[in-house]
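Observations on the three-dimensional arrangement
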Amino acid sequence: MSFERIKEKLNILADAAKYDVSCASSGSNRTNKNKGLGNSTGMGICHSYTEDGRCVSLLKILMTNYCIYDCAYCVTRKSNDIKRAAFKIQEVVDLTINFYRRNYIEGLFLSSGIFKSADYTMERLVAVAKKLREEENFNGYIHLKSIPGASDELMREAGLYADRLSVNIEVPTVSGLKLLAPDKNYEDFTKPMLKVKNEILQYKAEKKIIKSTPKYAPAGQSTQMIIGATGESDKDIMYSATHYYKNYHMKRVYYSGYVPVAEDKRLPAIGSQVPLLRENRLYQTDWLLRFYGFHVKEILNADFPNLDMDVDPKLGWALRNMQHFPVDVNRADKAMLARIPGIGMQSVHKIINARKFRKLNWEHLKNIGIALNRAKYFMICDSSKWEKRDLEPSRIKGLILQNSSGKFRKEYSNQLQLFS
Ligand code: SF4
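Residues numbered from 1 in each chain as written. Predicted model: local features only at pLDDT ≥ 70, side-chain atom pairs only at ≥ 80, totals over all residues. Heavy atoms only, no water.

**Regarding the environment of Ala332**
Positionally, Ala332 belongs in the loop between β8 (327-328) and α11 (334-337). Between the C-alpha atom of Ala332 and that of Ile352, which follows or precedes it by 20 residues, the distance is 9.3 Å. If near-sequence neighbours (up to four positions away) are discounted, Ala332 is found in contact with Val327, Leu337 and Arg355. (Helix = DSSP H or I, 4+ residues; strand = E, 2+ residues; numbered from the N terminus. Contact = heavy atoms within 4.5 Å.)

**Things to note about the environment of Ile12**
Following the sequence through the fold, Ile12 ends up in helix α1 (residues 3-17). Assessed through its relative accessible area of 15%, Ile12 is described here as buried. Sequence separation between Ile12 and Gly44 is 32 residues, and the spatial gap between their C-alpha atoms is 9.9 Å. Setting aside residues no more than four positions away along its own chain, Ile12 makes contact with Asn65, Lys83, Arg84 and Ala85. (Buried < 20%, exposed > 50% of the residue type's maximum accessible area, 1.4 Å probe, protein only.)

**Points about the pattern of salt bridges**
Should their charged atoms come close, side chains of opposite charge can pair. Inspection of every chain in the model, using the stated rule, returns 17 salt bridges. Its salt-bridge partner being Arg133, residue Asp163 comes within 2.9 Å of it at the nearest N-O pair. Placement of Asp163 in the loop between α4 (152-161) and β5 (164-166) and of Arg133 in helix α3 (residues 118-135) is noted, with a sequence separation of 30 residues between them. In this structure, Asp163 and Arg133 share a single accessibility class: buried. (Salt bridge = Lys/Arg side-chain N within 4 Å of Asp/Glu carboxyl O.)

**Quick notes on helix α2 (residues 89-101)**
Given a rise of 1.5 Å per residue, 13 residues ought to cover 18 Å, and the 19 Å separating the end C-alpha atoms of α2 matches this to within 8%. Of all the residues in α2, the buried ones are Glu91, Val92, Val93, Leu95, Thr96, Ile97 and Phe99. Looking at the buried side of α2, the elements it contacts are α1, β2 (55-62), β3 (107-111) and α3. (Expected span 1.5 Å × (residues − 1).)

**Some remarks on helix α7 (residues 234-248)**
In this model α7 runs 21 Å from its N-terminal to its C-terminal C-alpha over 15 residues, within 8% of the 21 Å that 1.5 Å per residue would give. What α7 keeps buried is the set Asp234, Ile237, Met238, Ser240, Ala241, Tyr244, Tyr245 and Tyr248. Buried residues in α7, looked at end-on, bunch into an arc of 155 degrees, giving them a common side. Looking at the buried positions of α7, the neighbouring elements they touch are α6 (186-209), β6 (221-227), β7 (252-257), α8 (276-291) and α9 (296-299). Residue His249 follows α7 closely and has a positive phi angle near 55 degrees. (Arc of directions from axis to C-beta.)

**Quick look at the pairing of β6**
Within β6, seven of the seven residues are buried, leaving the element largely enclosed by the surrounding structure. The two faces of β6 match: Gln221, Thr223, Met225 and Ile227 on one face and Ser222, Gln224 and Ile226 on the other face are all buried. In terms of strand pairing, β5 meets β6 through two bridges, oriented parallel. Opposite Ser166, over in β6, you have Ser222 as the bridge partner. The sheet contact formed by β6 and β7 spans six bridges and is parallel. Bridge pairing links Ile227 to Gly257 in β7. For the crossover that starts at β6, traverses α7 and ends in the parallel β7, the hand is right-handed. (Pairing = 2+ DSSP bridges. Right-handed = clockwise from strand over helix to strand, strands pointing away.)

As structure tokens, then:
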């Protein structure tokens, strides 16, 4: 196989992989001073986090962009008239090892369109990981995509070679899936997820008894949902995410704003704005649910099915629940401190430590680095001055917005209104 052909395949299959955000970051550029294979990999390198929290660079590619399915939202769908390519197993192994030796990458993120069947494709992904581990003695990070519908045996084998496995649910609801990917069954996604969850639990339990038990997918499993391809509300999306965290022990759910890739009356038209701000608000909500003790129904419910795009979800919740404020920073427990808008967990810990030594006033709070621009309307301290006074929530929101410069403000997306 010529160098030029490999380079061409790399261009096609790294480009096709960029729509998958479940390896935690977009592509990045690296300069290759030696004019080697690395020149063409700008869009093929992404970053991810290992089991122990290290950030690693990954070669991010598809095994093939041929696919027997025709999911409307996907650039790889069979009806799309695009240039196709497929790597051989050994080519992916060689690329990974060569890039690893040149220090361009620390691991591999390998996904794929579906060649002939789920198992045929999954077998090839597993074969790459197996060769890397057993023949090349490769100890770098491997993230394998689990192909929906793959058999239990292959999923079990995949986890023995990969650090992380992921099945992308793509469409957040079963009805949306039926509309946009009618060839696929919901169970094709959930079956491998359940298998991975159970294997992780089983291997962990066995390792406690037999120390030599191998690790199974030590960085866990993740999934991705496309946002804005169908008319789901933020409530639908976050309830769905909560379901996957709870029932399949997801390490992460990723939210990927739909990039219009097809003229299809079921989808937003080509040229529609990618809902980046909405994507950001969903990530903020996800964070509040996982680390700040919020329950999804507090933030999204029948009365508030969509997130406020003007303000972050914690501020939105606080403005609707002023009965909980002001919070006294000298007395409140950790959970309530964490609910003050603008106060992150690091600040919560700083406050708890600092108040062991004195009663805190505004000056003390500033001195320990607490950002007060939003928080001051929702808290009191050892001072007679309280910024909220008798301000209405709408007035507080106005004052906060006046002084903020959100990075997505200019790109405010009207994606939701497409479905109203
Ligand atoms: S099965 Fe996967 S790769 Fe194939 S069209 Fe659907 S989403 Fe795209």
